[in-house]
Amino acid sequence: MRHTLPTFLRSAAVLIAGTVFMAASSLAAAQSTPQPVERTPGAADPAPVHAELAGVFEDFGGRAGLDALMDEFMTILLADPRMRPFFEKVEHDRVKRQLAEQFCAILGGGCVYTGRDMVEAHGAHRIDRADFNALVEDLQIAMNRRGIPFRAQNKLLAVLAPMHREVINR
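None of the values given here were measured: they were computed from a predicted structure.

**Student:** Give me the lowdown on the state of the cysteines, citing residues and values where you can.
**Tutor:** According to the stated counting rule, one finds one disulfide in the structure shown. Disulfide partner of cysteine 104: cysteine 111, at an S-S distance of 2.0 Å. For the disulfide bridge between cysteine 104 and cysteine 111, the dihedral angle about the S-S bond is near 65 degrees, and by the sign convention the bridge is right-handed. Considered together, cysteine 104 and cysteine 111 belong to a single accessibility category, that of buried residues.

The following block contains the structure:
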């Protein structure tokens, strides 16, 4: 069954997709005390903290819920023939960890995002709007399977939306 995003969510969908592509291409190694990597001068913060979304963080199930969401999401991405080429040869555990870190930081959960910014992460990739739409469909499926309220999904998407300009490069 094909899912379509309402018009007001399409911009936000692009950003979520960019976030996932960014985590997939990041080479940051796990550290015992995570530190953000050096970022491209002038690039937007890929994980701006929005403390006012702490309730939304709880709607996602806290950090454990975000980790479980990313497990589900990666399974769906690898099963989707449109997305598999982007994710089959990446370090799945790293991608899932960095996405959970980023969402956790944005949602005011107190996490530190250790991945690269979107400009740096996407410079060598050819990502277009169709790629994003497919990825967002998969993210929606994962969030729905995890029982994340639609209201919480929309609040996260709205915060992420402005970053899409740094991701689409084709």
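**Student:** Give a detailed account of the nonpolar core, specifying residues and quantitative values.
**Tutor:** Phe60, Leu66, Leu69 and Phe73 are the most contacted members of the largest nonpolar core, which totals 36 residues. Contributions of two or more residues to this core are made by helix H2 (54-59), helix H3 (62-79), helix H5 (92-106), helix H7 (129-145) and helix H8 (150-160).

**Student:** Any chance you could break down the confidence of the model for the chain for me, citing the residues and the numbers?
**Tutor:** Summary statistics for the chain give a mean pLDDT of 79 and a share of 74% for residues scoring 70 or more. Confidence, expressed as mean pLDDT per element, reaches its minimum in the chain at helix H1 (residues 7-25) with 53 and its maximum at H3 with 98. Across residues 26-33, where pLDDT falls below 50, the model places 14 contacts with residues more than four positions away in sequence or in other chains.

**Student:** Report on H5, specifying residues and quantitative values.
**Tutor:** Under the 1.5 Å per step criterion, the end-to-end length of H5 is 21 Å for 15 residues, consistent within 8% with the ideal 21 Å. Extensive coverage of H5 is indicated by the burial of twelve of its 15 residues. Backbone geometry just downstream of H5 places glycine 108 in the positive-phi region, at approximately 75 degrees.

**Student:** Requested: an account of the packing of H3 against H7, with residues and values cited.
**Tutor:** At a closest axis distance of 9 Å, the pairing of H3 and H7 adopts a crossing angle of 135 degrees. Considered as vectors, H3 and H7 are oriented oblique to each other. Viewed along their axes, H3 and H7 form a crossing whose handedness is right-handed. Contacts between H3 and H7 involve Leu69, Glu72, Phe73, Ile76 and Leu77 from the former and Leu135, Asp138, Leu139, Ile141, Ala142, Met143 and Arg145 from the latter.

Reading the values: rules and limits
Residues numbered from 1 in each chain as written. Predicted model: local features only at pLDDT ≥ 70, side-chain atom pairs only at ≥ 80, totals over all residues. Heavy atoms only, no water. Disulfide = S-S within 2.5 Å. Buried < 20%, exposed > 50% of the residue type's maximum accessible area, 1.4 Å probe, protein only. Core = buried A, V, L, I, M, F, W, Y, C linked by side-chain atoms within 4.5 Å. Helix = DSSP H or I, 4+ residues; strand = E, 2+ residues; numbered from the N terminus. pLDDT = per-residue confidence, 0-100. Contact = heavy atoms within 4.5 Å. Expected span 1.5 Å × (residues − 1). Axes fitted to C-alpha atoms, helices over the stretch in contact; angles between N-to-C directions. Parallel < 35°, antiparallel > 145°, perpendicular 65-115°, else oblique. Left-handed = near helix turned anticlockwise from the far one by under 90°.

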